[in-house]
Amino acid sequence: MAPDSATAGDKTPVETNADHEAASQEGPQPVQVEYDIERVEKVYRKLDLRIIPAFWLLYFLCSAIRSNIGLAQTMNANVGHDLNTMLGLSSNDISTALALFYVSYVIFDCPSNLIMSRLSPRVWMARIVFAVGVIGACFTAVQAAWSLKLLRFLLGVVIAGMWPGMSYYLTLFYPPSRTGKRIGQYFTAAQVSAAVVGLVSAGFQLMDGAGGLVGFQWMFLIYGLLAIVLGWTLLWWLPERPLPPGQKRERSGFMKWLPPTPEALTGEDALVHYEDLKRIYHPRPWTLKDLGYVLIDWRLWPLTLMYFGVVGVGIGTQLYGTVIIRGINPSFTGVQLSLLFAPIWIMDLIAILLVTPISDRFHRLRPLFFSCAVCIQIAGLLTVTFAPIWNPWARYGGLLMVGFGLGPTVPICMTWTNEIFQQRHGEVGVAAASALVSGLGNLGSITTTYALYTGWPADAASGPHQYRRSNLVMIGILCVSILSSIVMFVTLKIFGNKPSHRISSNGSSITDNSDDFQDGAARRELQQRGFGRMWWNQK
């Protein structure tokens, strides 16, 4: 069991209050203490209650705002009130508008995450959600193709850094080996969003004409306003990065004018967390040279290609899911399309909840979990493509397989990125690598939104082989993802992942000595947790 105090011998224990002040400013500082694993896990569960629900809500709303343009294309189409008809859009206009989002997202993703690491992560995350809400509400007023394209580009600018920023934020409170399950938990918001937005869109279609707005305009407006409210709320709720026990938080500059937020942990909980994750309490301010070392690290590229394939297929399915279903059976109504779209993401959610916790317990086998999930996606796409045309439900079952396979892949890829680059480059490695993998990987989204499905006129032509070539291209990029994960696994076995010598020589707290671990979590990460502490093994 853990000792009752954080000191040795006759030293006085150090207590912390909400500001992490020491009970005695002149008293002794904490010494290294090995706490019982149950005590450590209790602290992480307390952090979960503070961080994960907030992340879930913000990701739910931002995902809805990002993807509801896909639903708007089919809402109230039977009366000519769908997005395409109202704005006179061609298939090329839609593909361009969708792709412009990812162009700006790719450009601004890494700068946004680096700014977050320099400023307050809490404030920057709240800023992202507020701005997404403002732009999302502005979609209500679009009247032409140019305004739709402009707003999609601006949406990519303001939402850039949200997804990798959430991943980076988690590493301020959890060791990387514990982030896979948590990334998966709030990543389910995207799946629930896709399902719920599809179901709720049926309700918005019934509001068509109310207040002079058509159904999709009500959808844009309400989701945008909800995100604006949530953005303000996050300023009070999300915690700032933790401070070492005894250090007082100083509010300076623009922070003086923003509402304070309670500390994430206090008292003994703060001491337990400090001992278990000491690496994040004493970060070395990074420089442009440090950033350069991250950018030239070859480990970025296999991870980026892994992400490229799975996120391309995921976004393609999210944006064109209703289009694919309508291709399976053109007689489906708009409401039926919305209802059939939801189960794809329910399957996605189930896979996330099943696989990501296990991948944390066997964190050295992440590429195996990733590759198996991608193989399920490939099997699903093959079913959608080659199942008999006279049996549309078999093809729909293939879409459900795609949804199930998609679930764990993105959380596993981001978690593996955190593990590799925190160990090798420290905090700047996590901030830059997660953003680069996410940003550059989203070039796959540009490919699927601009070049495939409705963006490929010859492939979109009605007939028995509609979208066949687009499906085969997605299978090809998924094969690239599997190959990249294998290459990454093998090269890490050959070359290892020791802390960068360049970083070490520049005064980083990272050392080159494999026996010198910074904290309790690093010592435990030498071994996989496995199923040893599961409920069925408890006496």
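Details of the structure are given in the entry above.
Residues numbered from 1 in each chain as written. Predicted model: local features only at pLDDT ≥ 70, side-chain atom pairs only at ≥ 80, totals over all residues. Heavy atoms only, no water.

Asks: Which residues make up the overall build of the protein chain, and what values go with them?
Replies: What the protein chain contains, in helices and strands, is 21 helices and 0 strands. The proportion of buried residues among the 539 residues of the protein chain is 60%. Considering only contacts within the protein chain whose residues lie at least 6 apart along the sequence, 81% involve residues at least 24 apart. Of the roughly 21300 Å² of accessible surface on the protein chain, a fraction of 66% belongs to carbon and sulfur atoms. (Helix = DSSP H or I, 4+ residues; strand = E, 2+ residues; numbered from the N terminus. Buried < 20%, exposed > 50% of the residue type's maximum accessible area, 1.4 Å probe, protein only. Contact = heavy atoms within 4.5 Å. Areas by Shrake-Rupley, 256 points an atom, 1.4 Å probe, with all protein chains shown as cover.)

Asks: Any details on the layout of surface pockets? Residues and values, ideally.
Replies: Size it by volume and the second largest pocket reaches roughly 890 Å³. Around the second largest pocket, the lining is made up of 33 residues, and of these Glu240, Arg241, Leu243, Arg249 and Glu250 lie nearest the centre. Those elements that place two or more of their residues in the lining of the second largest pocket are α3 (91–118) and α4 (121–138). Among the elements that line the lining of the second largest pocket, the one with the most residues is α3, at 3 residues. For the lining of the second largest pocket, a count of residues per class yields 16 nonpolar, 5 polar and 12 charged. (1 Å grid on protein atoms, 1.4 Å probe; cavity = no way out; pocket = protein on both sides within 12 Å on 5 of 7 lines; lining within 4 Å. Points joined across faces, edges and corners; volume = space filled by probe spheres on them. Nonpolar A, V, L, I, M, F, W, Y, C, P; charged D, E, K, R; others polar.)

Asks: So what about the pattern of salt bridges? Which residues, and what values?
Replies: In total, this model carries 14 salt bridges according to the counting rule given. The closest approach of N and O atoms between arginine 249 and glutamate 263, which form a salt bridge, is 2.8 Å. Taken together, the positions of arginine 249 in the loop between α8 (215–237) and α9 (267–276) and glutamate 263 in the loop between α8 and α9 put the pair 14 residues apart, joining distant regions of the chain. Notably, a salt bridge pairs arginine 424 with aspartate 297, separated by 2.8 Å at the nearest N-O pair. With arginine 424 in helix α15 (residues 409–425) and aspartate 297 in the loop between α10 (288–295) and α11 (300–328), the pair connects residues that are 127 residues apart, well separated along the chain. (Salt bridge = Lys/Arg side-chain N within 4 Å of Asp/Glu carboxyl O.)

Asks: Summarise empty space enclosed by the protein; cite the residues concerned and give the values.
Replies: Scanning all chains against the criterion turns up 4 cavities of 30 Å³ or more. Forming the boundary of the largest cavity are 25 residues, of which Tyr59, Arg66, Phe187, Val311 and Ile315 lie nearest the centre. Of all the secondary-structure elements, those providing two or more residues to the lining of the largest cavity are α1 (37–72), α3, α6 (162–170), α7 (179–206), α11, α12 (334–361) and α15. Considering each element in turn, the lining of the largest cavity owes the most residues, 6 residues, to α11. Looking at the lining of the largest cavity residue by residue, the classes come out as 17 nonpolar, 6 polar and 2 charged. The space that makes up the second largest cavity amounts to roughly 60 Å³. Looking at the lining of the second largest cavity, the elements with two or more residues in it are α1, α7 and α11.

Asks: Outline α10, listing residues and values.
Replies: For α10, the complete set of buried residues consists of Asp290, Leu291, Tyr293 and Val294. Across the axial projection of α10, the buried residues extend over an arc of 155°, all falling on one side. (Arc of directions from axis to C-beta.)

Asks: An account of the nonpolar core is needed here, citing residue identities and associated values.
Replies: Counting 158 residues, the largest nonpolar core has Phe55, Leu58, Leu83, Met162, Trp163 and Phe216 as its most contacted members. Tallying contributions element by element places α1 first for this core, with 19 residues. Those residues within four positions of leucine 58 in sequence are excluded, and the remaining contacts are Met125, Val129, Met162, Met166, Leu230 and Leu234. (Core = buried A, V, L, I, M, F, W, Y, C linked by side-chain atoms within 4.5 Å.)

Asks: Tell me about the packing of α3 against α4, and please be specific about residues and values.
Replies: Running from N to C, α3 and α4 cross one another at 140°; their axes reach a closest spacing of 7 Å. Judged on the interaxial angle alone, α4 and α3 are oblique. Residues Ser112, Ile115 and Met116 of α3 touch α4, and the partners they reach there are Pro121, Trp124, Met125, Arg127 and Ile128. Split into classes, the residues belonging to the contact of α3 with α4 amount to 6 nonpolar, 1 polar and 1 charged. (Axes fitted to C-alpha atoms, helices over the stretch in contact; angles between N-to-C directions. Parallel < 35°, antiparallel > 145°, perpendicular 65-115°, else oblique.)

Asks: Any chance you could break down the environment of aspartate 109 for me, citing the residues and the numbers?
Replies: By the element assignment, aspartate 109 lies in helix α3. Distance from aspartate 109 to leucine 440, taken between C-alpha atoms, is 8.9 Å for residues 331 residues apart in sequence. Residues in contact with aspartate 109, not counting those within four places in the same chain, are Ala160, Gly161, Pro164, Ala435, Ser438 and Gly439. Side-chain polar atoms of aspartate 109 contact the backbone nitrogen of glycine 161, separated by 2.6 Å. (Polar contact = N/O pair within 3.5 Å; in protein donor to acceptor, adjacent residues only side chain to side chain.)

Asks: Which residues make up the side chain of glutamine 422, and what are the values?
Replies: Position of glutamine 422 relative to the elements: it lies in helix α15. Of note is the side chain of glutamine 422, whose polar atom sits 2.7 Å from the side chain of arginine 279.

Asks: Give a detailed account of the packing of aromatic side chains, specifying residues and quantitative values.
Replies: By the definition in use, this model includes 21 aromatic pairs. Aromatic side chains phenylalanine 139 and phenylalanine 220 sit 5.5 Å apart centroid to centroid with 45° between the ring planes, which places their arrangement in the tilted category. With phenylalanine 139 in the loop between α4 and α5 (145–159) and phenylalanine 220 in helix α8, this residue pair connects regions lying 81 residues apart in the sequence. Taking the relative accessible area as the measure of exposure, phenylalanine 220 reaches 1% and is therefore buried. Each ring, one from tyrosine 274 and one from tyrosine 281, has its centre 5.0 Å from the other, and the planes form 70°; the classification is edge-to-face. (Phe/Tyr/Trp six-rings, centres within 6.5 Å; stacked < 30°, edge-to-face > 60°.)

Asks: Account for a nonpolar patch on the surface, naming residues and giving values.
Replies: A cluster of nonpolar side chains, contributed by Trp298, Trp301, Ile486, Phe489, Val490, Ile494 and Phe495, occupies part of the molecular surface with about 710 Å² of accessible area. Residue contributions to the nonpolar patch peak at 5 residues, all from helix α19 (residues 468–495). Mapping valine 490 onto the fold places it in helix α19. (Patch = residues over 30% accessible without salt bridge, like charges linked within 9 Å, V, L, I, M, F, W, Y side chains within 5 Å.)

Asks: How would you explain the side chain of glutamine 217 if you had to name every residue and give the values?
Replies: Within the element layout of this structure, glutamine 217 appears in helix α8. Judged by its relative accessible area of 9%, glutamine 217 falls in the buried class. Contacts of glutamine 217, omitting those with residues within four sequence positions, involve Thr140, Gln143 and Gly212.

Asks: Which residues make up the environment of valine 402, and what values go with them?
Replies: Considering the arrangement of structural elements, one finds valine 402 in helix α14 (residues 392–406). Along the chain, valine 402 and aspartate 348 lie 54 residues apart, while their C-alpha atoms are 8.2 Å from each other. Residues contacting valine 402, with those up to four places away along its chain left out, are Val313, Thr317, Gln377, Gly380 and Leu381.

Asks: For the packing of α1 against α5, give the residues involved together with the corresponding values.
Replies: Contact geometry of α1 with α5 gives a least axis separation of 12 Å together with a crossing angle of 155°. It follows that α1 is roughly antiparallel to α5 by the angle criterion. Judged by the sense of rotation from one axis to the other, the crossing of α1 with α5 is left-handed. Residues Cys62, Ile65, Arg66 and Ile69 of α1 form the contact with α5, whose own contacting residues are Leu148, Arg152, Leu155 and Ile159. (Left-handed = near helix turned anticlockwise from the far one by under 90°.)

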